[in-house]
Amino acid sequence: MSDAGKDASSSASTCVSIAVLGASGDLAKKKTYPALFKLFEKSFLPKDVIIIGYARSAMTNESLRDQLRGYLKGKKEEVDAFLQLCIYVAGQYKLSPAEEGAPPKDFQVLANTIAEFEATFPGDCGKNRLFYLALPPVVYPPVCEGIKKCCMSPYGWSRVVVEKPFGKDLASSEDLNEQICGLFDEKQLYRIDHYLGKEIVQNLMVMRFANTFISPLWNRDNISNIQIIFKEPFGTEGRGGYFDQYGIIRDVIQNHLLQVMALVAMERPATLSPNDMRDEKLKVLKCISPLSTENTVLGQYTMGKNGQPGYLEDDTVPPGSKCPTFAMVVLYVQNERWDGVPFILK
């Protein structure tokens, strides 16, 4: 049985296998594993859990742990205990031409690793599996196919978490959605933007709608402009191959900053349910005037005054790239609350 069969919540106990695909990448090291560590630190992870890193890099369990250690902030004994839960499986994301139509061998190895962990628990234990795709969207379809063919849980639920950016444009986004939805039910899919996990972003709802002082002032009569600024103290640092395909607008503005803008500008939702939140955000996005070149500034960072390398100094960036690494856009929300107020995203 899978999700349509036995529900793990009906079992006396459960074990959870978390697979981080793209474990050697920047997102996994800087965001995914540190977030999992914080859950572990606060005892929010299940007691019986294993975290399996999967990537193409040739690494061992110990080399993965050594790589992650510097990104985990906490007491040494807690970091050590968390890292003991982390193991590594090396494998490809795409099938070779000779493997087309056959079960992906590397994903079968991942499935066997999960099954070995699950075999240590009794048969009536719910055995749930979570797959987090910290990967570029171009490999989502083959990875999801490998998960579907080899790695679905027979005795609990299976969930797949996909990250932004979800495609390069509307056409590629719709194509991705069609391919992935052809493999999984909607309840098995989670499309997320990790920026919404930041504490300051999560507090926006409380600040806006539970604050009797701010709430009545939150409009065009009292606010001249709103600036949403994204800053990072580092460059691409070896991510040039990925970043150069997307640029700063697709990588940051059309997901992270638009999400924050929607939270700032939206009306109070009927409830805090995901559907009601989404509906209010969508109303804001539909009211945004089309972006013009007069309201857009693009640029590319060069070497800093203190010797910080410029974008083209990164060896993974194609020579002579014109990819923007800085962008500023001015958007207008044409509704009664915000008419005439510029939203400056940069």
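For every chain, the first residue of the written sequence is number 1, and numbering continues from 1 along that sequence. Restriction of local features to residues with pLDDT of at least 70 applies here, the model being predicted, together with a cutoff of 80 or more for giving and counting side-chain atom pairs; totals for whole chains, interfaces and linings are based on all residues. As a convention, hydrogens and water are excluded, and side-chain values are obtained from all of the structure's heavy atoms.

### Some points on the environment of Lys283
To keep things clear, this is the line we draw: Under the scheme used here, helices are H or I runs from DSSP no shorter than 4 residues and strands are E runs no shorter than 2 residues, and both carry numbers assigned from the N terminus. Here a polar contact is recorded for every N or O atom pair within 3.5 Å, except that within protein the pair must consist of a potential hydrogen donor and a potential acceptor, and residues adjacent in sequence are included only if both atoms are side-chain atoms.
Structurally, Lys283 can be placed in helix α9 (residues 274-286). Sequence separation between Lys283 and Leu298 is 15 residues; the distance between their C-alpha atoms is 28 Å. Only 3.2 Å separates the side chain of Lys283 from the side chain of Glu280, close enough to count as a polar contact.

### A closer look at the pattern of salt bridges
Think of it this way: side chains of opposite charge can pair up when their charged atoms draw near. Keep this limit in mind: Whenever a carboxyl oxygen of Asp or Glu lies within 4 Å of a side-chain nitrogen of Lys or Arg, that contact is scored as a salt bridge. For every residue, the accessible area obtained with a 1.4 Å probe (protein chains only) is divided by the maximum for its type, and the residue is called buried under 20%, exposed over 50%, and partly exposed between those limits.
Taken as a whole, this structure holds 14 salt bridges when the rule is applied. As a salt-bridge pair, Arg65 and Glu62 come within 2.7 Å of each other at their nearest N and O atoms. With a gap of three residues between them, Arg65 and Glu62 both fall in helix α2 (residues 61-69), about one helical turn apart. For Arg65, a relative accessible area of 8% corresponds to the buried category. With a shortest N-O distance of 3.2 Å, Lys283 and Glu280 are connected by a salt bridge. With a gap of three residues between them, Lys283 and Glu280 both fall in helix α9, about one helical turn apart. Judged by its relative accessible area of 49%, Lys283 falls in the partly exposed class. Taken together, the shared-partner salt bridges in this structure form one network comprising Arg69, Lys76 and Asp80.

### Details of the packing of α2 against helix α3 (residues 76-83)
The axes of two packed helices give the description: the angle between them and the distance between them. The following threshold applies: Think of each axis as a best-fit line through the C-alpha atoms, taken over the contacting stretch in the case of a helix, with angles from 0 to 180 degrees between the N-to-C directions. Here a crossing is taken to be left-handed if its near helix is turned anticlockwise relative to the far helix by less than a right angle, and right-handed if that turn runs clockwise. Note on contacts: a residue pair is in contact if any heavy atoms of the two residues lie within 4.5 Å. Residues are grouped as follows: Ala, Val, Leu, Ile, Met, Phe, Trp, Tyr, Cys and Pro are nonpolar; Asp, Glu, Lys and Arg are charged; every other residue, Gly included, is polar.
Between α2 and α3, whose axes approach to 10 Å, the crossing angle comes to 140 degrees. In this structure, α2 crosses over α3, and the sense of that crossing is right-handed. Every residue of α3 that contacts α2 at Arg65, Leu68 and Arg69 is listed here: Val79, Asp80 and Leu83. Tallied by class, residues from the contact of α2 with α3 come to three nonpolar, no polar and three charged.

### Remarks on the pairing of strand β1 (residues 14-21)
Within a regular strand, the side chains alternate between the two sheet faces. To be explicit about the condition: Strand pairing follows a simple DSSP-based rule, namely that at least 2 bridges must link the two strands.
Judged by how many residues are buried, β1 sits mostly within the fold: seven of eight residues are covered. For β1 and strand β4 (residues 126-133), the ladder comprises eight bridges, and the chain directions are parallel. Of the residues in β4, the one forming a bridge with Val16 is Asn128. In this sheet, strand β2 (residues 49-55) lies alongside β1 in parallel orientation, the contact comprising six bridges. In the strand pairing of β2, Val16 is matched with Val49.

### What about the nonpolar core?
Note the cut-off: What we call a nonpolar core is a set of buried Ala, Val, Leu, Ile, Met, Phe, Trp, Tyr and Cys residues that are connected through their side-chain atoms within 4.5 Å.
Core analysis: the largest hydrophobic core is formed by 60 residues, its most contacted members being Leu21, Tyr33, Phe131, Leu133 and Ile147. Once residues within four sequence positions are removed from consideration, Ile147 is found in contact with Leu21, Phe107, Phe131, Leu133, Met152, Val160 and Phe184. Phe230, Ile253, Leu263 and Val264 belong to the second largest nonpolar core, which has 36 residues in total.

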